[in-house]
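# Descriptive analysis of the structure
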Amino acid sequence: MAAAVPSTSRARAAAALLLLLLGCCWAALAGGPQDQAEQFFRSGHTNNWAVLVCTSRFWFNYRHVANTLSVYRSVKRLGIPDSHIVLMLADDMACNPRNPKPATVFSHKNMELNVYGDDVEVDYRSYEVTVENFLRVLTGRIPPSTPRSKRLLSDDRSNILIYMTGHGGNGFLKFQDSEEITNVELADAFEQMWQKRRYNELLFIIDTCQGASMYERFYSPNIMALASSQVGEDSLSHQPDLGIGVHLMDRYTFYVLEFLEEIHPASQTNMNDLFQVCPKSLCVSTPGHRTDLFQRDPQKVLITDFFGSVRKVEITTETLSLDRDVAGFESKFPEEELATEPLKYAEQLPVAQIIHQKPKQKDWHPPGGFILGLWALIIMVFFKTYGIKHMKHVF
C-alpha cells in the first residue's frame, strides 16, 4: 500500500499537466484569427498622414516652395497618397512671371530635377495659407463645407508628419510676412490634437532660422521633433542657380532629401540615421532634435513609419466567417429601407430651385451719363433762348 501512494500522486500530477496543456491549446484555438489580428494591430499605427507647409511668398523665397515640394515628392514615392497629404504653398512659383521655365520648380542646379511634376495637388495656396487655417487643419476645427481634400482626417492610429519651412526667429515662424505663429501656439495645437485623439505618433520637422526654438515648448506625448538650426543660428540656403537667379533649396532639407532618396518602402533604416544626415560641416548650422516626449526608442522607429505608408500584413490560412455578423446587420434593417435611404450632403445648393426660378425684376435706374446729358440740354436751351446777357440773373 505504501508503494501505491507515490504512483497515485504521480498519476494525478500527470493528469493535471495534461489538462493544463489541453486548456492552453483550447484557449489558443478559441481565440482564433480575430484575437490574433486585434493583438497584431494594437501595438502600432494603421495609417499615415502628412501636412507640408511653405509659409513664404515672393520670388526670392523660391527655395522654400522647392523644399516643400521635394518633401511632397518623397512621401508620395514612399506610398502616402494625395488623399492623406495636406499641401500648403504660400506662393505659386511655377506660374511666376520671373520663372524662365513655366510650370516647373527645380530642386537641383542645372535644372536636373523638376519637383513640381504634372500631378501636384495643392490644397491651400496663396492667401489661404494663414496661421488660422493651419491651426484649424491640425485641430479639426474647420467649417462643415470644407472639402475633404482640405481636411486632416486622422485618428488615434495615425502617424503624422508635419513639415514646415519659411523665415523664422526665436520662438516664431512668419506666415507671408504679415503674421506669425509662436511656439506656444504650436504646442497648444498639438495638445489639442492629442486630447482629441487625432494622432498616434507625430514627427515635426522645421527648416528655418533658430528652428529649435519652435519645439522647446512642446509638452504632448508621442512627439519627435527635428530642426535645421539651434537658437541663435541661421538656416542657410543651398544650390544657387544662375539661370533661375535664386537659390533652389535650403541646406538641411537638401541633405534630408538626399538621404530619403535611398529609402524604399521595405527599408529598415531608423530615425537615428536621420538625425545624422546633416552635420554642421555640411549644414553650417547645427541641426537639433528632441525625443524626450517620444515613448519609443528612436533606434527602433523606422523612417517609413512617418515618411511612408507601409501596411502591416499577416498572412493566415484560417477562414474568417463574417456571415453571422452580416446576417444580424441585415435583419435590423429591411432591404427596401437600405436601398431607398436618401443620401444627405452638408450645405448642398438647391440646384433645381436655382434653375427653375423666374428672373427677378430689376428696378430701373437711369444710365450713368443720362443726368449729365439732361443738364447739358437744359443749359443749351437756356442760352439759345435768353443769351449771355441774362446770365447775371441766374447767378
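Residues numbered from 1 in each chain as written. Predicted model: local features only at pLDDT ≥ 70, side-chain atom pairs only at ≥ 80, totals over all residues. Heavy atoms only, no water.

Note the following rule: UniProt positions are given in the numbering used here, feature names are shortened, and annotations may be inferred rather than shown by experiment.
Per an unreviewed UniProt entry, the protein chain goes by the name GPI-anchor transamidase and belongs to Leiothrix lutea. Looking at the protein chain in UniProt, the text filed under Pathway (unreviewed entry) is "Glycolipid biosynthesis; glycosylphosphatidylinositol-anchor biosynthesis." Looking at the protein chain in UniProt, the text filed under Subunit (unreviewed entry) is "Heteropentamer. Part of the GPI-anchor transamidase complex, consisting of PIGK, PIGT, PIGS, PIGU and GAA1. Interacts with GPAA1. Interacts with PIGT; this interaction, via a disulfide link, stabilizes the expression of GAA1 and PIGK and links them to PIGS."

### A word on the overall build of the protein chain
The line we're drawing: Helix and strand assignments come from DSSP, with helices taken as H or I runs of at least 4 residues and strands as E runs of at least 2, each series counted from the N terminus. Only protein chains enter the area calculation, which uses a 1.4 Å probe; residues under 20% of their type maximum are buried, those over 50% are exposed, and those in between are partly exposed. A contact between two residues is defined here by any heavy atoms of the two lying within 4.5 Å. Each accessible area value is a Shrake-Rupley result obtained with a 1.4 Å probe; residue values ignore everything except the protein chains displayed when judging cover.
A tally of helices and strands in the protein chain yields 13 helices and 12 strands. For the protein chain, buried positions account for 41% of its 395 residues. For the protein chain, long-range pairs separated by at least 24 residues make up 73% of all intrachain contacts whose partners lie at least 6 apart in sequence. In the form shown here, the protein chain has an accessible surface area of approximately 23700 Å², with 58% of it arising from carbon and sulfur atoms.

### Quick word on the packing of helix H2 (residues 62–77) against helix H5 (residues 251–260)
Using the following cut-off: To get an axis, fit a line to the C-alpha atoms, keeping to the stretch in contact for a helix; angles then go from 0 to 180 degrees between the N-to-C directions. The scheme is simple: roughly parallel for angles under 35 degrees, roughly antiparallel for over 145, roughly perpendicular for 65 to 115, oblique for anything else. Crossings are classed by handedness, with left-handed meaning an anticlockwise turn of the near helix from the far one by less than a right angle and right-handed meaning a clockwise turn. Residues were grouped as follows: Ala, Val, Leu, Ile, Met, Phe, Trp, Tyr, Cys and Pro as nonpolar; Asp, Glu, Lys and Arg as charged; and all remaining residues, including Gly, as polar.
Two elements in contact, H2 and H5, have axes separated by 10 Å at closest approach and are oriented at 15 degrees. What the angle tells us is that H2 and H5 run roughly parallel. Of the two possible hands of crossing, H2 and H5 adopt the one that is left-handed. Between H2, through Asn 67, Ser 70, Val 71, Ser 74 and Arg 77, and H5, the contact on the second element is made entirely by Thr 253, Leu 257 and Leu 260. Class assignment for the residues of the contact of H2 with H5 results in 3 nonpolar, 4 polar and 1 charged.

### Comments concerning the side chain of Asn 67
Structurally, Asn 67 is set in helix H2. With near-sequence residues (within four places) excluded, Asn 67 lies in contact with Tyr 163, Thr 165, Asp 207, Met 249, Asp 250, Thr 253 and Leu 257.

### With respect to the packing of aromatic side chains
Put simply, the rule reads: Pairing of aromatic rings covers Phe, Tyr and Trp, the last through its six-membered ring, and needs centres within 6.5 Å; plane angles under 30 degrees mean stacked, over 60 mean edge-to-face, and all others mean tilted. A positively charged side chain is recorded as over a ring if its NZ (Lys) or CZ (Arg) lies within 6 Å of the ring centre. The angle to the ring normal must also be within 35 degrees.
In this structure the tally under the stated criterion is 9 aromatic pairs. Between Phe 190 and Phe 204, the ring centres sit 5.9 Å apart and the planes meet at 70 degrees, which makes this aromatic pair edge-to-face. In this pair, Phe 190 sits in helix H4 (residues 183–195) while Phe 204 sits in strand E8 (residues 201–207), placing the two residues 14 residues apart along the sequence. No difference in accessibility class separates Phe 190 from Phe 204, as the two residues are buried. Measuring from ring centre to ring centre gives 5.4 Å for Phe 204 and Phe 218, while their planes differ by 75 degrees; the resulting arrangement is edge-to-face. You can see Phe 204 sitting in strand E8 and its partner Phe 218 sitting in the loop between E8 and strand E9 (223–227), a full 14 residues away along the chain. Put simply, the rings of Phe 190, Phe 204 and Phe 218 pair up and form one aromatic cluster. One residue, Arg 57, lies across the ring of Tyr 127, its end atom 4.4 Å from the ring centre. Over the ring of Tyr 124 we find Lys 150; its NZ or CZ atom is 5.1 Å from the centre of that ring.

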